[in-house]
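Reading the structure
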Amino acid sequence: MTTYLRSHLKQLESEAIYVMREVAAQFERPILLFSGGKDSIVLAHLARKAFYPGRIPFPLLHIDTGHNFPETLAFRDQLVDELDVQLIVRYVQDSIDQGRAVEETGPNASRNALQTVTLLDALGELRVEAAMGGARRDEEKARAKERFFSHRDEFGQWDPKNQRPELWNLYNGRKHPRENFRVFPISNWTEMDVWQYIYHEGIQMPSLYFSHRRDVFVREGVLLAVSDVVQPQNGETPQNKIVRFRTIGDMTCTGAVESTASSLADIIQEVASARVTERGARADDKRSEAAMEDRKKQGYF
C-alpha cells in the first residue's frame, strides 16, 4: 500500500473519528445504526478506535426485518460479543403485529420500506438524539445531499432543502424537543475507500461479501437468492451460480453479482473495474427514480 493511500485512509479515518467524538460530546443519547453490512461494521470499528481504551459509549441499534440473511445475524452477534457493546434489536414483525405497518403482498413484496416505521418508533422509545449510520455520498444521489449532521424534524422527516451549512468542520447539533439528527461519519468515503480500509485494518467481514455458490434467479434484472422468503415465480428459473453480495440488506431486495472474488484483494480489484454502483443490485432502489429520496423524507436511514 502506497504512502499516499495510507495517508488518504488515515485522513478519512481521522475525520470519521472526529465526527463520532462530536456526537458523543454534543448529544446525551446517541446510537449507532447497525445493519450488519460492511459500512456499519466499519463504523463499529471506528467507534472502538475513537473511544479506546474505554468501551464504545453508545449502543448499537439493529432494525430486524425478519428477512435478514442468517449469515448477517450470526456475524452481528459475534461482533457484539467481541466489542462488548450493548445491542438493541427492534423487529419489523412487531410493527406489523401492532398494526403500525402493513405487510406488502405480491411477488415483489419487501419489508425494506417498513423498516422506517420500526426505526422511528425505536428512536422515539429510546429518546435518541443522534443516530449514526454508514451512508456514503457516493452510494446514491439522494445520499449525496446529506450533511454529516443531517437534521430531522419532530416526525423524523428529512428536508433536503433545509439543511445547515457545515463550514470548517463545525457541526451544529442544536435542536428543538423531539427533533433528532442522523449523523454519517463516513459520508466522504467511497466504496473503494471502505474496502481498502477494511484490507488495511484487517477487519473481519461476513462470508456473504466473498464468492460462494448459491441458488439464485433473475427478477427484473436483479439476481435474487432463493430463500424461505424469496421464491421463483413462473418463468423464473433458479440456477446455482458463484456469486457474492456488494451490499447486504433485506433478502427480498438485495441482489447478488456473479463474481469469483474470494479475498479482500480480489474485491478491491473488482470494485476498481466495476461500472455499476453497489446499489445497482438493490431492487428497492429501482421502484422509482426518486425511491431513496422519498424513503429518506419519510424517515428512512
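So, here is what we can say about the structure in this document. (Residues numbered from 1 in each chain as written. Predicted model: local features only at pLDDT ≥ 70, side-chain atom pairs only at ≥ 80, totals over all residues. Heavy atoms only, no water.)

Notes on the nonpolar core
Among soluble globular proteins, nonpolar side chains are generally buried collectively. L46, F149, W189 and W195 are the most contacted members of the largest nonpolar core, which totals 63 residues. Residue contributions to this core peak at eight residues, all from helix α2 (residues 38-51). Here this core spans two domains, since at least three of its residues come from each of domain 1 (8-193 + 290-298) and domain 2 (205-284). Residues contacting W195, with those up to four places away along its chain left out, are K38, M205, Y209, R244, L264, I267, I268 and V271. If you look at the next biggest cluster of nonpolar residues, it comprises 14 residues, including I31, A101, A122 and A131. (Core = buried A, V, L, I, M, F, W, Y, C linked by side-chain atoms within 4.5 Å. Buried < 20%, exposed > 50% of the residue type's maximum accessible area, 1.4 Å probe, protein only. Helix = DSSP H or I, 4+ residues; strand = E, 2+ residues; numbered from the N terminus. Domains from an automatic or database assignment. Contact = heavy atoms within 4.5 Å.)

Some remarks on the sheet that holds strand β2 (residues 60-64)
Across the sheet, which stays open at both edges, the six strands sit in the order β3-β2-β1-β4-β6-β5 with mixed pairing between neighbours. Each having just a single partner strand, β3 (87-91) and β5 (149-152) make up the two edges of the open sheet. Sheet twist, expressed as the mean angle between neighbouring strand axes with direction ignored, is 30 degrees. Across the sheet, helix α3 (residues 70-83) touches β2 and β3, and the angle it forms with β2 is around 165 degrees. (Pairing = 2+ DSSP bridges. Axes fitted to C-alpha atoms, helices over the stretch in contact; angles between N-to-C directions.)

Remarks on the packing of aromatic side chains
Considering all chains together, one arrives at ten aromatic pairs under this definition. Ring geometry for F27 and F149: centres 5.9 Å apart, planes at 40 degrees, overall tilted. Taken together, the residues span a long stretch of sequence, with F27 in the loop between α1 (3-26) and β1 (30-33) and F149 in strand β5 at a distance of 122 residues. A relative accessible area of 2% means that F149 is categorised as buried. The rings of Y18, F27, F148, F149, Y171 and F181 are connected pair by pair, giving a single aromatic cluster. The lysine or arginine in question, R137, covers the ring of F148, its NZ or CZ lying 5.1 Å from the ring centre. (Phe/Tyr/Trp six-rings, centres within 6.5 Å; stacked < 30°, edge-to-face > 60°. Lys NZ or Arg CZ within 6 Å of the ring centre and 35° of its normal.)

Regarding the pairing of β3
Pairing geometry for β2 and β3, over five bridges, is parallel. If you follow I63 over to β3, its bridge partner there is R90. Read as a crossover between parallel neighbours, the route from β2 over α3 to β3 is right-handed. (Right-handed = clockwise from strand over helix to strand, strands pointing away.)

Digging into the sheet that holds strand β8 (residues 222-225)
Across the sheet, which stays open at both edges, the four strands sit in the order β8-β7-β9-β10 with antiparallel pairing between neighbours. Each end of this open sheet is capped by a strand with a single partner; those strands are β8 and β10 (257-258). Relative to β8, strand β7 (residues 212-219) is paired through four bridges, and the arrangement is antiparallel. Note that in β8 the partner of V218 across the bridge is L223.

With respect to the pattern of salt bridges
Any two side chains of opposite charge can pair, given that their charged atoms come close. All chains considered together, the criterion is met by 19 salt bridges. Measuring nitrogen to oxygen at the nearest pair gives 2.7 Å for the salt bridge that ties K49 to E13. Placement of the pair is K49 in helix α2 and E13 in helix α1, with a sequence separation of 36 residues. Here the residues in one salt-bridge network are K10, E13, K49 and E201, joined through shared partners. (Salt bridge = Lys/Arg side-chain N within 4 Å of Asp/Glu carboxyl O.)

What about a nonpolar patch on the surface?
A cluster of nonpolar side chains, contributed by L167, W168 and L170, occupies part of the molecular surface with about 410 Å² of accessible area. Among the structural elements, L167 can be located in the loop between β5 and β6 (180-183). In this structure L167 comes out as partly exposed when scored by relative accessible area, which is 47%. (Patch = residues over 30% accessible without salt bridge, like charges linked within 9 Å, V, L, I, M, F, W, Y side chains within 5 Å. Areas by Shrake-Rupley, 256 points an atom, 1.4 Å probe, with all protein chains shown as cover.)

A few points about the side chain of D193
Tracing the chain through its elements places D193 in helix α6 (residues 191-201). No salt bridge is formed by the buried D193; its nearest oppositely charged neighbour, R136, is found at 7.1 Å. Within the structure, D193 has its side chain in polar contact with the backbone nitrogen of T190 (distance 2.9 Å). When residues no more than four places from it in sequence are discounted, the contact partners of D193 are H8, L9, L12 and N188. (Lys, Arg positive; Asp, Glu negative; His and termini not counted. Polar contact = N/O pair within 3.5 Å; in protein donor to acceptor, adjacent residues only side chain to side chain.)

Observations regarding unusual backbone geometry
For the bond from Y52 to P53, the omega torsion is 10 degrees, close enough to zero to count as cis. Residue position: P53 is located in the loop between α2 and β2. Positive phi is not limited to glycine here, since D84 has a value of about 55 degrees. By the element assignment, D84 lies in the loop between α3 and β3. The partly exposed category is assigned to D84, whose relative accessible area is 44%.

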